Amino acid sequence: MTTTGTTGSSRTIGTTWKVLRHPATLIALAAVLGIVFGLITGEWAANIKFIGDLFIRLIQMAIVPLVMASVIVATGSMTGSGMGRLAGRTFAWMIGFSVIAALVGWGLATLIQPGAGIDYSGAVDPALQESAKPASWQETILGFVSTNIFNAMSTATMLPIIVFSLLFGLALNGYVRATGNTLVVTLLDQLQQIILGMIRLVMRIAPIGVFCLLAALAGDVGFAVVTTALSYLGSTLVGVLIVTAVFVVVVTLRTRLNPAALPGKLAEQTVIAVTTTSSAVTYPTVLKNAVEKVGISQRVANFTLSVGLTMGSYGAVLNYTIVILFLAQASRVELTPGQIILGMALAIMLNMGTITVPGGFAVAATFLATSLGLPLEAVGLLIAVDWFTGIFRTFLNVNGDTMVALLVANGTDEIDRDVYAGRKSVTAEAADEDGLAEKYAAADRAD
């Protein structure tokens, strides 16, 4: 009995220690301590802000090569299996719901004003003010293409970089098809993995960076930093609920299936999603349940859900759009309608798998701020509460993918309604599930 008790205690201590060492726990603890430290020391906390700025710069340093390598590899390695009506319906539904998520994010951020509680006393960088000036639509379109890609890379002007990477990837795809030589794709894929390793190293000091950023922020603006964080989280949660409701309504109207049965069918994958905050970890369960509980054909489930790993991040689109408005409101930068549309487009582009790293939110938030010329002072606050927003994002990403698969399957009458109603049992093909799970497990973007 004593041995059993000792073993149980050791296991409990080990589990507790593992939880305490988890990056999300360390960042959350650092955030709380940083806010307390800043409230106590006041303006003096600005003296350690440079450490937080260093953390942000280390992330910024990797963004350009990461985005270029990711976009080129994704485009250059596409195969013919992505063609046809199945692909067309899948992409149409995913992009359509991504646009809805972006619009909901914009509407809620405009209404709730989550970033308005913070008022920076410092002046905005003149270069940022210049970038916020309205431009004609012709100038905006011309800005998509740089006359010198190296100049765009040196200034982190992201849109020309993405356009160049897409064109390079398409040309590379044609070269691979014509010659069968995948050397360049392999090289860039390896480069991407090395850069991901760099970012993982940088994320090890995230607790220190977040502590310093939030200490300086709390010392400058006071207790408003807490209420602002709650407003940001609340905006994201409400948005997730609204987009989920839109999904359910559209699925019900299109498929005529009983929506009351959906919660039970999605319960298992929802639990895994919100506890791991990872779409890739949840993927095998999503694929299995889509076939065995929802009644989607194996063919549609395999294709649509695997594509959903990199394109079906509706929660991320919603969250990134709110982030853009949050940063603008926090720094009192007035975004033009064109910049808001551009920001939503960038959020949707990020949805297509260009930021696929653990802790990727820090990269995504910095990417968006850099692309739109927004100050970065509040990024630390967003990183500090990202574990909670990660729960919201992954919930919508995972369940949204299943509902898109339902809509795609409905278009070709590939829903087994007896399975959905519980009158029939089927088993997902283990070989297909294991193969796709292994192929896409590397796409874990930690949502």
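Residues numbered from 1 in each chain as written. Predicted model: local features only at pLDDT ≥ 70, side-chain atom pairs only at ≥ 80, totals over all residues. Heavy atoms only, no water.

Draft legend 1. Structural view of a nonpolar patch on the surface. There is a patch of nonpolar side chains on the surface, built from Phe50, Ile51, Ile205 and Ile208 and spanning about 360 Å² of accessible area. Following the sequence through the fold, Ile51 ends up in helix α3 (residues 49-76). (Patch = residues over 30% accessible without salt bridge, like charges linked within 9 Å, V, L, I, M, F, W, Y side chains within 5 Å. Areas by Shrake-Rupley, 256 points an atom, 1.4 Å probe, with all protein chains shown as cover. Salt bridge = Lys/Arg side-chain N within 4 Å of Asp/Glu carboxyl O. Helix = DSSP H or I, 4+ residues; strand = E, 2+ residues; numbered from the N terminus.)

Draft legend 2. Region of the structure containing the packing of helix α4 (residues 85-112) against helix α15 (residues 314-330). Between α4 and α15, whose axes approach to 8 Å, the crossing angle comes to 30 degrees. One way to sum up the angle between α4 and α15 is to call them roughly parallel. Crossing of α4 against α15: the hand is right-handed. Residues Met94, Phe97, Ser98, Ala101, Ala102, Val104, Gly105, Trp106, Ala109 and Thr110 of α4 form the contact with α15, whose own contacting residues are Tyr314, Val317, Leu318, Thr321, Ile322, Leu325 and Gln329. Across the contact of α4 with α15, the residue classes tally to 12 nonpolar, 5 polar and no charged. (Axes fitted to C-alpha atoms, helices over the stretch in contact; angles between N-to-C directions. Parallel < 35°, antiparallel > 145°, perpendicular 65-115°, else oblique. Left-handed = near helix turned anticlockwise from the far one by under 90°. Contact = heavy atoms within 4.5 Å. Nonpolar A, V, L, I, M, F, W, Y, C, P; charged D, E, K, R; others polar.)

Draft legend 3. Here's a closer look at the side chain of Ser297. Mapped onto the fold, Ser297 is located in the loop between α13 (279-294) and α14 (298-311). Looking at Ser297, its side chain comes within polar contact range of the main-chain nitrogen of Val300, at 3.3 Å. Look past the residues within four positions of Ser297 in its chain and what remains in contact with it is Val291 and Glu414. (Polar contact = N/O pair within 3.5 Å; in protein donor to acceptor, adjacent residues only side chain to side chain.)

Draft legend 4. Layout of the packing of aromatic side chains. For the coordinates displayed, the defined rule picks out 7 aromatic pairs. Here the basic side chain of Lys265 rests over the ring of Tyr420, its NZ or CZ set 4.9 Å away from the ring centre. (Phe/Tyr/Trp six-rings, centres within 6.5 Å; stacked < 30°, edge-to-face > 60°. Lys NZ or Arg CZ within 6 Å of the ring centre and 35° of its normal.)

Draft legend 5. Spatial organisation of the pattern of salt bridges. Overall, the coordinates contain 4 salt bridges when judged by the stated rule. Note that Glu268 is salt-bridged to Lys293, the shortest N-O span being 3.3 Å. Residue Glu268 is located in helix α12 (residues 262-276), and its partner Lys293 is located in helix α13; the two are separated by 25 residues in the primary sequence. For Glu268, a relative accessible area of 36% puts it in the partly exposed group. Glu292 is paired through a salt bridge with Lys288; the nearest N and O atoms lie 3.1 Å apart. With Glu292 and Lys288 both in helix α13 and 4 residues apart, this pair spans about one turn of that helix. (Buried < 20%, exposed > 50% of the residue type's maximum accessible area, 1.4 Å probe, protein only.)

Draft legend 6. Highlighting the environment of Arg85. By the element assignment, Arg85 lies in helix α4. For Arg85 and Gly411, which are 326 residues apart along the polypeptide, the C-alpha to C-alpha distance reads 9.8 Å.

Draft legend 7. Structural view of the confidence of the model for the protein. For the protein, per-residue confidence averages 77 on the pLDDT scale, and 77% of positions sit at 70 or higher. Within the model, the stretch residues 353-358 combines pLDDT values under 50 with 26 contacts to residues more than four positions away or in other chains. The low-confidence segment residues 430-446, where pLDDT is below 50, has 34 contacts with residues more than four positions distant or belonging to other chains. (pLDDT = per-residue confidence, 0-100.)

Draft legend 8. Looking closely at empty space enclosed by the protein. Counted by the stated rule, this structure contains 2 cavities of 30 Å³ or more. In this structure, the second largest cavity spans a volume of roughly 60 Å³. Along its surface, the second largest cavity is lined by Ser279, Tyr283, Val286, Leu305, Leu309, Val398 and Asp401. The set of elements that each furnish at least two residues to the lining of the second largest cavity consists of α13, α14 and α19 (386-411). Among the elements that take part in the lining of the second largest cavity, α13 stands out by supplying 3 residues, more than any other. Taken together, the residues of the lining of the second largest cavity break down into 5 nonpolar, 1 polar and 1 charged. (1 Å grid on protein atoms, 1.4 Å probe; cavity = no way out; pocket = protein on both sides within 12 Å on 5 of 7 lines; lining within 4 Å. Points joined across faces, edges and corners; volume = space filled by probe spheres on them.)

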